[in-house]
Amino acid sequence: MIDYYRSFFERHQWLEDGLTWTVAQPLNEEITVDDLLRQLNGGRDPERRVMEYPREEAGDEDRPVLLVSEGEGTWGFLELAYGFGLSDRVLTALSTESRVWMVTWHFNGGYTILHAAGGEIRARMHNFLSTQYAVEEGDPTVLADFRAMLACLDPEDYSGKRSAAFAFIETATGMSLESEWPDVEDAPVVILDNPGA
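How each quantity is defined
- Every chain is numbered on its own, with residues counted from 1 as its sequence reads.
- Two thresholds apply to this predicted model, a pLDDT of at least 70 for residue-level local features and 80 or more for giving and counting side-chain atom pairs, whereas whole-chain, interface and lining totals are computed over all residues.
- Each side-chain value is worked out from all heavy atoms of the structure, with water and hydrogens disregarded.
- Axis angles are defined between N-to-C directions and span 0 to 180 degrees, where every axis is a line fitted to C-alpha atoms and, for a helix, only to the segment in contact.
- Helix and strand labels come from DSSP, where a helix needs a run of H or I of at least four residues and a strand needs a run of E of at least two; each type is numbered from the N terminus.
- Note on convention: the crossing is left-handed when the near helix lies turned anticlockwise from the far helix by less than a right angle, right-handed when the turn is clockwise.
- Two residues form a contact once any of their heavy atoms are found within 4.5 Å.
- Amino acids outside the nonpolar list (Ala, Val, Leu, Ile, Met, Phe, Trp, Tyr, Cys, Pro) and the charged list (Asp, Glu, Lys, Arg) are all regarded as polar, and Gly is one of them.
- The quantity called pLDDT is the predictor's confidence in a given residue, expressed from 0 to 100.
- By nonpolar core is meant a set of buried Ala, Val, Leu, Ile, Met, Phe, Trp, Tyr and Cys residues that side-chain atoms within 4.5 Å join together.
- Partly exposed residues are those whose accessible area sits between 20% and 50% of the maximum for their type, while under 20% is buried and over 50% is exposed, using a 1.4 Å probe and protein chains only.
- Geometry of aromatic contacts follows a simple scheme: Phe, Tyr and Trp rings, the Trp one being its six-membered ring, pair when their centres are within 6.5 Å, and the pair is stacked under 30 degrees between planes, edge-to-face over 60, tilted otherwise.

## So, the packing of helix 5 (residues 144-151) against helix 6 (residues 158-173)
Then step 1. Relative orientation of the contacting elements helix 5 and helix 6 amounts to 145 degrees, with a least axis distance of 10 Å. Regarding helix 5 and helix 6, the two cross each other, and that crossing is right-handed. Each of Asp145, Phe146, Met149 and Leu150 in helix 5 lies in contact with helix 6, whose residues at this interface are Lys161, Ala164, Ala165, Ala167, Phe168 and Thr171.
Then step 2. Tallied by class, residues from the contact of helix 5 with helix 6 come to seven nonpolar, one polar and two charged.

## A word on the confidence of the model for the protein
Then step 1. Taken residue by residue, the protein gives an average pLDDT of 92. The fraction at 70 or more is 98%.
Then step 2. Here helix 3 (residues 54-57) stands out as the element of the protein with the lowest mean pLDDT, 88, in contrast to strand 7 (residues 120-126), whose mean of 97 is the highest.

## Overview of the nonpolar core
Then step 1. Formed by 42 residues in total, the largest nonpolar core has its most connected members in Trp21, Val103, Ile113, Phe128, Phe146 and Phe166.
Then step 2. Top contributing element to this core by residue count: helix 6, with six residues.
Then step 3. Apart from the residues within four sequence positions on either side, Trp21 is in contact with Gly76, Phe77, Leu78, Trp101, Met102, Val103, Phe166, Ile169, Met175, Ser176, Leu177 and Trp181.
Then step 4. Grouped together as the second largest cluster of nonpolar side chains are 19 residues, Ile31, Leu36, Leu40 and Leu192 included.

## So, the packing of aromatic side chains
Then step 1. Inspection of the entire model under this criterion finds 14 aromatic pairs.
Then step 2. With a centroid separation of 5.5 Å and an interplanar angle of 35 degrees, the aromatic rings of Trp105 and Tyr111 are classed as tilted. The pair formed by Trp105 and Tyr111 is uniform in burial state, with each residue classed as buried.
Then step 3. When the ring of Phe128 is compared with that of Phe146, the centres are 5.4 Å apart and the planes differ by 80 degrees; the resulting orientation is edge-to-face. Placement of Phe128 in the loop between strand 7 and strand 8 (135-138) and of Phe146 in helix 5 is noted, with a sequence separation of 18 residues between them. In terms of burial, Phe128 and Phe146 fall into one category: buried.
Then step 4. An aromatic cluster is built from Tyr4, Tyr5, Phe8, Phe9, Trp21, Trp105, Tyr111, Phe128, Phe146, Phe166, Phe168 and Trp181, whose rings are joined through pairwise contacts.

And the structure:
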């Protein structure tokens, strides 16, 4: 699975500069994607738009632009341009009725992976690209499989480490990223009001 995501990032090298991938698994079947999007947007309805070329147009926005993907009982939200990670407040609110995973980075680094459930951040690892400087918080068992993936990689295999984060989330949730998806055209997107909400 790591090799799949290596190929994914080779195809979409621009995503190595900044992205946020958030996966939510609602615990209640009555929770809709609209409910999740309101929570992601700090309790407000986000703007919805069709972008002819989302990859290019997302960079013109000052706010997070999301592509939304549906899996079996799972929703994925790919932020296309800047690596606007969600605030702890938004993540904990989102996790009150959903299990949530997020991986994020931006052009200045900030490589972070986390899991939230039950209204709290259960585990987080900052700087996962650097074994020497990685910092973990929360329950160490939550990210144990991710640490094992990292341990199998060369310390300077940064592409492999980014790919491992996506492979770990797919293993935990069953939610994958289709290789062609980030290049979609004439696509509905969701634009959040405030990345720090």
